[in-house]
Amino acid sequence: MPPRTRKNDTKDDANKKAKTDAKVVTWTDLTQQPEDPIFKLLNECIADSDPSKINLSIGAYRDETGKPWVLPVVQKAKQILLSDPASNHEYFGLDGNRSFTEASARLILGQDSAAMKDKRVTHIQAVSGTGAVRLGADFLAKFRPGTVYITNPTWGNHPKIFAASHLKVVEYNYWDGKTRTIAYDTLLDNLNTAPVGSIFVLHACAHNPTGLDPTHDQWKQIASIMKERQLFPFFDCAYQGFASGDLDRDAWAVRYFVEQGFELLVAQSFSKNFGLYSERTGCLTGVFADKETTVKAHSQFCALVRCSISNAPGFGAKIVDIVLKDAALTKEWKENLKTMANRITLMREKLFEHLKKMETPGIWTHITSQIGMFSYTGLTLAQVAAIKSKFHVYMTDEGRVSMAGLNESNVKQFAEAVDWVVRNA
Ligand SMILES: Cc1ncc(COP(=O)(O)O)c(C=O)c1O
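Not measured: the values here are computed from a predicted model.

Rules used throughout
Residues numbered from 1 in each chain as written. Predicted model: local features only at pLDDT ≥ 70, side-chain atom pairs only at ≥ 80, totals over all residues. Heavy atoms only, no water. Near = heavy atom within 4 Å. Polar contact = N/O pair within 3.5 Å; in protein donor to acceptor, adjacent residues only side chain to side chain. Areas by Shrake-Rupley, 256 points an atom, 1.4 Å probe, with all protein chains shown as cover. Helix = DSSP H or I, 4+ residues; strand = E, 2+ residues; numbered from the N terminus. Buried < 20%, exposed > 50% of the residue type's maximum accessible area, 1.4 Å probe, protein only. Contact = heavy atoms within 4.5 Å. Phe/Tyr/Trp six-rings, centres within 6.5 Å; stacked < 30°, edge-to-face > 60°. Pairing = 2+ DSSP bridges. Axes fitted to C-alpha atoms, helices over the stretch in contact; angles between N-to-C directions. Salt bridge = Lys/Arg side-chain N within 4 Å of Asp/Glu carboxyl O. Core = buried A, V, L, I, M, F, W, Y, C linked by side-chain atoms within 4.5 Å. Domains from an automatic or database assignment. UniProt positions renumbered as here; feature names shortened; annotations may be inferred. Parallel < 35°, antiparallel > 145°, perpendicular 65-115°, else oblique. Left-handed = near helix turned anticlockwise from the far one by under 90°. Nonpolar A, V, L, I, M, F, W, Y, C, P; charged D, E, K, R; others polar.

Participant: Could you clarify how one ought to interpret the site of the ligand in this entry?
Facilitator: For the ligand, the full set of nearby residues is Ser128, Gly129, Thr130, Trp155, Asn208, Asp236, Ala238, Tyr239, Ser269, Ser271, Lys272 and Arg280. Take Tyr239: an N or O atom from its side chain is 2.7 Å from an oxygen atom of the ligand. Ser271 is positioned such that a nitrogen or oxygen atom in its side chain is 2.8 Å from an oxygen atom of the ligand. The fraction of the free accessible surface of the ligand (390 Å²) that becomes covered by protein chains is 91%. The element contributing the most residues to the shell around the ligand is helix α6 (residues 128-143), with three residues.

Participant: What's the story with the environment of Ala115 in this structure? I'm lost.
Facilitator: Mapping Ala115 onto the fold places it in helix α5 (residues 114-117). Classification of Ala115 as buried rests on a relative accessible area of 2%. Expressed as a C-alpha distance, the spacing of Ala115 and Ala289, which sit 174 residues apart in the sequence, is 9.0 Å. Once you skip the residues sitting within four places of it in the chain, Ala115 turns out to touch Arg120, Val121, Val258 and Val287.

Participant: Just checking my understanding: could you explain the side chain of Ser198 for this structure?
Facilitator: Along the chain, Ser198 falls in the loop between α8 (184-193) and β7 (199-203). Reaching out from Ser198, the side chain makes a polar contact with the backbone oxygen of Pro195 at a distance of 2.6 Å. Those residues in contact with Ser198 that sit more than four places away from it in its chain are Thr147, Tyr149, Gln230, Leu231 and Phe232.

Participant: What is the right way to read the packing of aromatic side chains from this model?
Facilitator: Between two aromatic rings, the relevant description is the distance of the centres plus the angle of the planes. Scanning the model with the defined rule gives 21 aromatic pairs in all. Pairing Phe257 with Phe262 gives two aromatic rings, centres 4.8 Å apart and planes at 35°, and the pair type is tilted. As far as burial versus exposure is concerned, Phe257 and Phe262 are alike and both buried. Through a chain of ring-to-ring contacts, three or more aromatic side chains come together here, namely Trp219, Phe235, Trp252, Tyr256, Phe257 and Phe262.

Participant: I would appreciate a short explanation of the sheet that holds β7 in the present structure.
Facilitator: Taken together, the seven strands give an open sheet; going across it, the order is β2-β10-β9-β8-β7-β3-β4, and neighbouring strands pair in mixed fashion. The open sheet terminates on both sides in strands that have one partner only, identified here as β2 (121-127) and β4 (169-173). Taken over all neighbouring pairs, the strand axes of this sheet differ in orientation by 25° on average, direction set aside. Relative to strand β10 (residues 281-287), β2 is paired through seven bridges, and the arrangement is antiparallel. By the bridge assignment, His123 is partnered in β10 with Thr285.

Participant: It is not clear to me how the pattern of salt bridges should be interpreted in this structure. Could you clarify?
Facilitator: When the charged atoms of two side chains lie near each other, side chains of opposite charge can form a pair. Tallying each qualifying case throughout the model produces 14 salt bridges. Arg255 serves as the salt-bridge partner of Asp248, at 3.0 Å between the closest nitrogen and oxygen. According to the relative accessible area criterion, Arg255 is buried, its value standing at 18%.

Participant: Help me understand unusual backbone geometry in this model?
Facilitator: For residues that are not glycine, phi is negative in most cases, and the peptide bond is trans in most cases. The step from Asn152 to Pro153 runs through a cis peptide bond, and the omega angle for that step is 0°. With respect to the helices and strands, Pro153 occurs in the loop between β3 (148-152) and α7 (157-164). Its identity is not glycine, yet Trp27 carries a phi of approximately 60°, on the positive side. By the element assignment, Trp27 lies in the loop between α1 (11-21) and α2 (37-47). At Gln230, a residue that is not glycine, the phi angle is positive and equals roughly 50°.

Participant: Looking at this structure, I do not really get the nonpolar core. What am I missing?
Facilitator: A general feature of soluble globular proteins is that nonpolar side chains tend to end up buried together. Formed by 57 residues in total, the largest nonpolar core has its most connected members in Phe274, Trp333, Leu351, Leu379, Ile387, Leu406 and Phe414. At the level of elements, α3 (72-82), α4 (98-109), α13 (315-324), α14 (327-357), α16 (381-391) and α17 (411-424) are the ones that each hand at least two residues to this core. The greatest single-element share of this core, amounting to eight residues, is contributed by α14. Each of two domains, domain 1 (37-69 + 340-424) and domain 2 (91-325), supplies a minimum of three residues to this core. If we ignore the near neighbours within four places in the chain, the residues touching Leu351 are Ile367, Met403, Leu406, Val411, Phe414 and Ala415. The next biggest cluster of nonpolar side chains, apart from the first, holds 39 residues, and it includes Ile108, Leu109, Ile222 and Ala253.

Participant: Just checking my understanding: could you explain the UniProt feature "domain: Aminotransferase class I/classII large" (unreviewed entry) in the protein for this structure?
Facilitator: Using the residue numbers shown here, the UniProt feature "domain: Aminotransferase class I/classII large" (unreviewed entry) corresponds to residues 52-418. In the segment residues 52-418, helix accounts for 45% and strand for 15%; the C-alpha atoms at its two ends are 15 Å apart.

Participant: Explanation requested: α13 in the structure shown.
Facilitator: Every α-helix carries 3.6 residues per turn, so stepping three or four residues along brings you back to the same face. Most of α13 sits out of view: nine of its 10 residues are buried. Inspection of α13 places Gly316, Ala317, Lys318, Ile319, Val320, Asp321, Ile322, Val323 and Leu324 among the buried residues, and these make up the whole buried set. Lining the buried residues of α13 we find α3, α4, β2, β10 and α14.

Participant: Whenever I open this one, the packing of α14 against α17 confuses me. Can you help?
Facilitator: Put simply, α14 and α17 touch, their axes get as near as 9 Å, and they point 45° apart. Judged by the inter-axis angle, α14 sits oblique to α17. Taken as a pair, α14 and α17 cross one another with a handedness that is right-handed. Judged by residue contacts, Met347, Lys350, Leu351, His354 and Leu355 of α14 engage Val411, Lys412, Phe414, Ala415 and Val418 from α17. Looking at the contact of α14 with α17, its residues break down into seven nonpolar, one polar and two charged.

Participant: Just checking my understanding: could you explain the packing of α4 against α13 for this structure?
Facilitator: The axes of two packed helices give the description: the angle between them and the distance between them. Interhelical geometry of α4 versus α13 gives an angle of 60° and a closest axis separation of 9 Å. In terms of orientation, α4 and α13 fall into the oblique class. At the point where α4 passes α13, the crossing takes the left-handed sense. Counted together, Ser99, Phe100, Ala103 and Leu107 of α4 and Ala317, Val320, Asp321 and Leu324 of α13 form the full contact between these two elements. Residues belonging to the contact of α4 with α13 are distributed by class as follows: six nonpolar, one polar and one charged.

Structure below.
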């Protein structure tokens, strides 16, 4: 029986419509999607059988032996979860594990957040940082559409996510290749000339890929221009605590913007700071001007979740929740964070020392001034290609390395490879 298309269609109308609509499906628009560059690089590295290969591609922490690290505090939380007789696999509400999302919001906004006291904050569980960015993008596309400005260079997924939400995406300057610092003056120009009301994606800390964050004074100036021009801040926070080893320091920019009275969104990821990469643990927090708007926004967040993932994944959120509601476990987590952040800082120092000793041509101070998981080396595309083919070192085409892939056994080898390509490629 042909489908009835509209309420008042007769059976004949529906038959006629079914005939006109009939066409052979040929998949003519179905083209092969190129492999995602970062996962392509990772697969190439996995397939490389050279024992001396160095994997600096994907942003995932590795311990001193080059292995993934399950945080000791996460191990403990898993035991607690497994031995809890009340633990089950029921659905959460549409907004996810509320104890977890509340703790996430407090983590980024501060334990005594005035905005939370005023009930101007809403939070919802998301499928990790990526899912939180996408949820926020869908929300903005529906209720506050405008051009979205992302940093240049940027985390490769930003343009794809915002485009998928049908928002117009434009880049703003972030990196000065000559000085290997933030392109601060052009960044300010971009803020000053963007259409009033545009959305700006800001990296809360440890900018991916450059590892460079504005200073507090620079953040203040950025905030002042954004306020004047009514630009909407959308913070992406994928490295809180992982960047500096200090959760509050890494949250400074977000808290400052909230204190300045901005309405904003924050996408939080617990992939890096809890090492919960595949457990897809994230949260989208919205700060609004008043309680009424906040309640409405929450209902819309829930509606977006219902038609996309319907219900958030449980495991990672339960682990984070167990840790964050227990003072002793939270203290231990902070120590685990320091272990990761300090090891990366040490690798930065070692790399810098080796390059200095070899008098490798070029400026290398950015290696130690950048923070977080990544270093934006400044190597050219040709040098990146040469380092891969000659030395089996895997980094992104733009010259970004994941510092977590370095350790005592390979940092000198990596420095020597850099020295060679800088002189010869
Ligand atoms: C800037 C930025 N945002 C968001 C994410 C999201 O990560 P995930 O979806 O794994 O939590 C990442 C991960 O690399 C990132 O670097």
